[in-house]
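# Chain and residue survey
Now for the letters of each chain:
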Amino acid sequence: MAKYIAQIIVLGAQVVGRAFARALKQELAASQEAAKRAGGGQEGARRAAANASTGLTLEEAMQILNIEKLDPEKIKNNYEHLFNVNDKTKGGSFYLQSKIVRAKERIDKEVKEPKSEQSQPKDTS
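These figures come from a predicted structure and were not determined experimentally. (Residues numbered from 1 in each chain as written. Predicted model: local features only at pLDDT ≥ 70, side-chain atom pairs only at ≥ 80, totals over all residues. Heavy atoms only, no water.)

### Observations concerning the overall build of the protein chain
To keep it simple, the criterion reads: Numbered from the N terminus, helices here are DSSP runs of H or I no shorter than four residues, and strands are runs of E no shorter than two. Two residues form a contact once any of their heavy atoms are found within 4.5 Å. The Shrake-Rupley method, run with a 1.4 Å probe sphere, supplies the accessible areas, and residue values consider only the shown protein chains as cover.
Along its length, the protein chain carries five helices and zero strands. Counting from the amino terminus, helix and strand elements in the protein chain follow one another as α-α-α-α-α. For the protein chain, long-range pairs separated by at least 24 residues make up 52% of all intrachain contacts whose partners lie at least 6 apart in sequence. Just so you have it, the protein chain exposes about 9700 Å², and 58% of that area is on carbon and sulfur atoms.

### A word on the confidence of the model for the protein chain
Formally: Values of pLDDT, which run from 0 to 100, indicate the predictor's confidence residue by residue.
This prediction gives the protein chain a mean pLDDT of 82; 82% of its residues lie at or above 70. Mean pLDDT across the secondary structure elements of the protein chain bottoms out at helix H2 (residues 41-54), with 71, and peaks at helix H4 (residues 72-85), with 93. Here residues 116-125 is modelled with pLDDT under 50, and outside its nearest four sequence neighbours on either side it reaches one contact, counting other chains as well.

### What to know about the side chain of Arg106
The residue Arg106 is located in helix H5 (residues 94-119) in this model. Ignoring any residue separated from it by four or fewer positions in sequence, one finds Arg106 in contact with Arg47, Ala50, Asn51, Thr54, Leu56, Thr57, Leu58 and Ala61.

### Here we look at the side chain of Gln97
With respect to the element layout, Gln97 can be found in helix H5. In contact with Gln97, not counting residues within four places along its chain, are Phe83, Asn86, Asp87 and Lys88.

### Overview of unusual backbone geometry
A positive phi is found at Asn66, a non-glycine position, where the angle reads about 55°. The residue Asn66 is located in the loop between helix H3 (58-64) and H4 in this model.

### Here's the deal with the nonpolar core
Applied cut-off: Joining through side-chain atoms within 4.5 Å is the link that ties buried Ala, Val, Leu, Ile, Met, Phe, Trp, Tyr and Cys residues into a set, and such a set is a nonpolar core. When accessible area is computed with a 1.4 Å probe and restricted to protein chains, residues below 20% of their type maximum are described as buried, those above 50% as exposed, and intermediate ones as partly exposed.
Counting residues in each nonpolar core, the largest one holds eleven residues, listed as Leu56, Leu58, Ala61, Met62, Leu65, Ile67, Ile75, Tyr79, Ile100, Ala103 and Ile107. Residues contacting Met62, with those up to four places away along its chain left out, are Ile67, Glu68, Lys69, Leu70 and Ile107.

### So, H4
Put simply, the rule reads: Expected helix span is taken as 1.5 Å per residue step, with the number of steps being one fewer than the number of residues. An arc is given here, and it is the one of the directions from the helix axis to the C-beta atoms.
Here H4 spans 20 Å end to end across 14 residues, near enough to the 20 Å set by a 1.5 Å rise per residue. Of the positions making up H4, those classed as buried are Ile75, Asn78 and Tyr79. One face of H4 carries all of its buried residues, which in axial projection span an arc of 105°.

### Details of the pattern of salt bridges
Operational definition: The term salt bridge refers to a side-chain nitrogen of Lys or Arg lying within 4 Å of a carboxyl oxygen of Asp or Glu.
If you walk through the whole model with that rule in mind, you get four salt bridges. Across the salt bridge formed by Asp108 and Lys104, the nearest N and O atoms sit 3.1 Å from each other. Of the two residues, Asp108 and Lys104 are both situated in helix H5; the distance of four residues between them amounts to about one turn of the helix. A residue is classified by how much of its surface remains accessible, and Asp108, at 22% relative accessible area, is partly exposed. For Lys104, a relative accessible area of 19% puts it in the buried group. Across the pair Glu110 and Arg106 runs a salt bridge whose closest N-O atoms are separated by 3.1 Å. Residue Glu110 and its partner Arg106 are both found in helix H5; the two are separated by four residues, about one turn of the helix. Grouping residues by exposure puts Glu110 and Arg106 together as buried.

Encoded structure:
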């Protein structure tokens, strides 16, 4: 009887160990993929900081505002339309309205920061 219990415990440990190893590999692959999408170096760090401050990635923000490229006029029009449609006094959702505001903030950070970096003189010494 003790022999069977020991075998069950060993088999259970092996199953849990394999599942843990598989989950760890998947997490590592997902992390590497996210790093590739964010870009490396200074650009990746800037995007990560912008994502953390607004809680949205650029892709999520673009989906929320229903835009495919960073066209300021299209961003403004979609933002105003979605914000007004979701006004609480018109039966809309405050939650959706706040998501729309956060999406606009995230896209504004992406549009404005590269311009400010280009206008600063680079130190060549």
